[in-house]
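Listed below, chain by chain, are the residues.
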Amino acid sequence: MEDGGQVLYPFPMMKKAYQLENRGPFRADQLHPGDPYELSNGHPIQCLPTGSRGGRATNVGGGVLASDPAVEHVGVDVGFSPSPEILRAPDLSVGEMPDQPGWVQGVPSLAVEYADTGQDEAELRIKIQELFAAGTRYVWVVRLIGPRRVEVHQPKMRMRIANPGEQLVAPGVLANPVPVEALYDREVANRVIFRNLLERQGYENLDQVRAEGETEGRAAGEMEGRAAGEMEGLRKAIVAIFAGRGLVLDGDLQSALSNSNSLAVLESALRQAVTGSPDEILRALRA
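Residues numbered from 1 in each chain as written. Predicted model: local features only at pLDDT ≥ 70, side-chain atom pairs only at ≥ 80, totals over all residues. Heavy atoms only, no water.

Peer 1: Describe the nonpolar core, naming the residues involved and giving the relevant values.
Peer 2: One finds Leu65, Leu110, Trp140, Leu168, Leu174, Val178 and Leu285 to be the most contacted residues of the largest nonpolar core, which totals 56 residues. Contacts of Leu65, omitting those with residues within four sequence positions, involve Val71, Val74, Leu92, Val94, Leu110, Val112, Trp140, Leu174 and Val178. The next biggest cluster of nonpolar side chains, apart from the first, holds 9 residues, and it includes Val107, Ala115, Ile128 and Val139. (Core = buried A, V, L, I, M, F, W, Y, C linked by side-chain atoms within 4.5 Å. Buried < 20%, exposed > 50% of the residue type's maximum accessible area, 1.4 Å probe, protein only. Contact = heavy atoms within 4.5 Å.)

Peer 1: Requested: an account of the packing of helix H1 (residues 52–67) against helix H3 (residues 186–200), with residues and values cited.
Peer 2: Two numbers describe how H1 lies on H3: the axes approach to 8 Å, and their chain directions differ by 15°. Considering the angle they form, H1 stands roughly parallel to H3. For the pair H1 and H3, the sense of crossing is left-handed. Where H1 approaches H3, its residues Asn59, Val60, Gly63, Val64, Ala66 and Ser67 are matched on the opposing element by Arg186, Ala189, Val192, Ile193, Asn196, Leu197 and Arg200. Its residues assigned to classes, the contact of H1 with H3 comprises 7 nonpolar, 4 polar and 2 charged. (Axes fitted to C-alpha atoms, helices over the stretch in contact; angles between N-to-C directions. Helix = DSSP H or I, 4+ residues; strand = E, 2+ residues; numbered from the N terminus. Parallel < 35°, antiparallel > 145°, perpendicular 65-115°, else oblique. Left-handed = near helix turned anticlockwise from the far one by under 90°. Nonpolar A, V, L, I, M, F, W, Y, C, P; charged D, E, K, R; others polar.)

Peer 1: So what's going on with the environment of Arg137? Residues and values would help.
Peer 2: Mapped onto the fold, Arg137 is located in the loop between helix H2 (121–134) and strand S10 (138–143). Taking the C-alpha atoms as reference points, Arg137 and Val107, 30 residues apart in sequence, are found 9.5 Å from one another. Apart from the residues lying within four places of it in its own chain, the contact partners of Arg137 are Pro108, Ser109, Phe132, His153, Gln154, Pro155, Pro171, Gly172 and Val173. Reaching out from Arg137, the side chain makes a polar contact with the backbone oxygen of Pro171 at a distance of 3.0 Å. (Polar contact = N/O pair within 3.5 Å; in protein donor to acceptor, adjacent residues only side chain to side chain.)

Peer 1: For unusual backbone geometry, give the residues involved together with the corresponding values.
Peer 2: Despite not being glycine, Asn41 has its phi angle at roughly 55°, a positive value. Summarising the element assignment, Asn41 is placed in the loop between strand S3 (37–40) and strand S4 (43–46). A relative accessible area of 21% means that Asn41 is categorised as partly exposed. Even without being a glycine, Asp77 presents a positive backbone phi close to 55°. Taking relative accessible area as the criterion, Asp77 reaches 46% and is therefore assigned partly exposed.

Peer 1: Give me the environment of Asp116: which residues, what numbers.
Peer 2: Along the chain, Asp116 turns up in the loop between strand S9 (110–115) and H2. Through-space distance from the C-alpha of Asp116 to that of Gly54 is 6.7 Å; in sequence the pair is 62 residues apart. Contact partners of Asp116, with chain neighbours within four places excluded, come to Arg53, Gly54, Leu144 and Ile145.

Peer 1: Break down the pairing of S9 for me, citing the residues and quoting the values.
Peer 2: Put simply, side chains in a regular strand alternate between the two faces of the sheet. Here S9 lies mainly inside the structure; 6 of its 6 residues are buried. In the sheet, S9 pairs with S10 via 6 bridges, with the strands oriented parallel. Note on S10: the bridge partner recorded for Glu113 is Val141. A crossover connection joins S9 to the parallel S10 through H2; in handedness this β-α-β unit is right-handed. (Pairing = 2+ DSSP bridges. Right-handed = clockwise from strand over helix to strand, strands pointing away.)

Peer 1: How would you summarise the packing of helix H6 (residues 251–259) against helix H8 (residues 278–285) if you had to cite specific residues and measurements?
Peer 2: It is at 9 Å that the axes of H6 and H8 come closest, and there the two elements cross at 30°. As summarised for this structure, H6 and H8 are arranged roughly parallel, according to the angle between their axes. Where H6 crosses over H8, the handedness of that crossing is left-handed. Here Asp252, Leu253, Ala256 and Leu257 of H6 lie close against H8, whose contacting residues are Pro278, Ile281, Leu282 and Leu285. Each residue belonging to the contact of H6 with H8 can be placed in one class, and the counts come to 7 nonpolar, no polar and 1 charged.

Peer 1: Can you break down the pattern of salt bridges residue by residue, with the values?
Peer 2: Tallied over the full model, the rule gives 10 salt bridges. The partner of Glu38 in a salt bridge is Lys127, and the shortest N-O contact between them spans 3.0 Å. With Glu38 in strand S3 and Lys127 in helix H2, the pair connects residues that are 89 residues apart, well separated along the chain. Assigned by exposure class, Glu38 and Lys127 land together as buried. (Salt bridge = Lys/Arg side-chain N within 4 Å of Asp/Glu carboxyl O.)

Peer 1: I'd like a rundown of H3, residues and numbers included.
Peer 2: For H3, with 15 residues, the first-to-last C-alpha span of 20 Å sits near the 21 Å given by 1.5 Å per residue. Looking only at H3, the buried set comprises Val188, Ala189, Val192, Ile193, Phe194, Asn196, Leu197 and Leu198. Where H3 begins, the side chain of Asp185 points an oxygen toward the backbone nitrogen of Glu187, at a separation of 3.0 Å. Backbone geometry just after H3 places Gly202 at a positive phi near 90°. (Expected span 1.5 Å × (residues − 1).)

Coordinates in, geometry out; function isn't part of it.
Structure below.
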């Protein structure tokens, strides 16, 4: 609501949740998608918009987690309400998320928070505690201020720091390790997404795809078969990446892919297939 140009929020400004021992009067069902609040023990916690750096990094990390072969659902700022007095919305969440309106009744298996300028550290600790109390197995806090690093939190375990060059694992949630840099660096993320999408289609790596195509192409003769096999391998990789992203090759793309007989063009299209749109891939094939 607005009054005289001022936004009126549904809750009065209150102290921080960690300063309040008694349960507050508010419930998750009083909040609606888009309201700038989470709830902690019945007390509203105001959530401000994400800055440019945090928003870019969240988008990068979300793509990495969503591509993992073991992951079905990844949410951005999805509200989880394990009990009426708690509503938490991690920056990224991995877990069961029904295709229906409203809050998820429970918590994610893995939650990722991006901590940038203005992070309320005490409130973040409370948020992590509430997620763990309700069943979350892993919380990763990506630090965007100072040296880039990730804080790895698990219930009843000491927090540890993972630095660039190290791998993050979440057994039982993710199939593959995640390089620390993949949660904020797009180039590293694209390499991880490429690997994950191939694995979703049953390939360990691009070499395996190429080898399969080469075997199929040998019928055309040894030398010609090797080149034809490599191109067929690239075509298979593009199709595999598309399938891993849940996309379908339309008639124009199928025709362009079948008719392309240039390794350079197919390799360019393969790079586009990782994150590009169908139109971008079609342009690469027609180059």
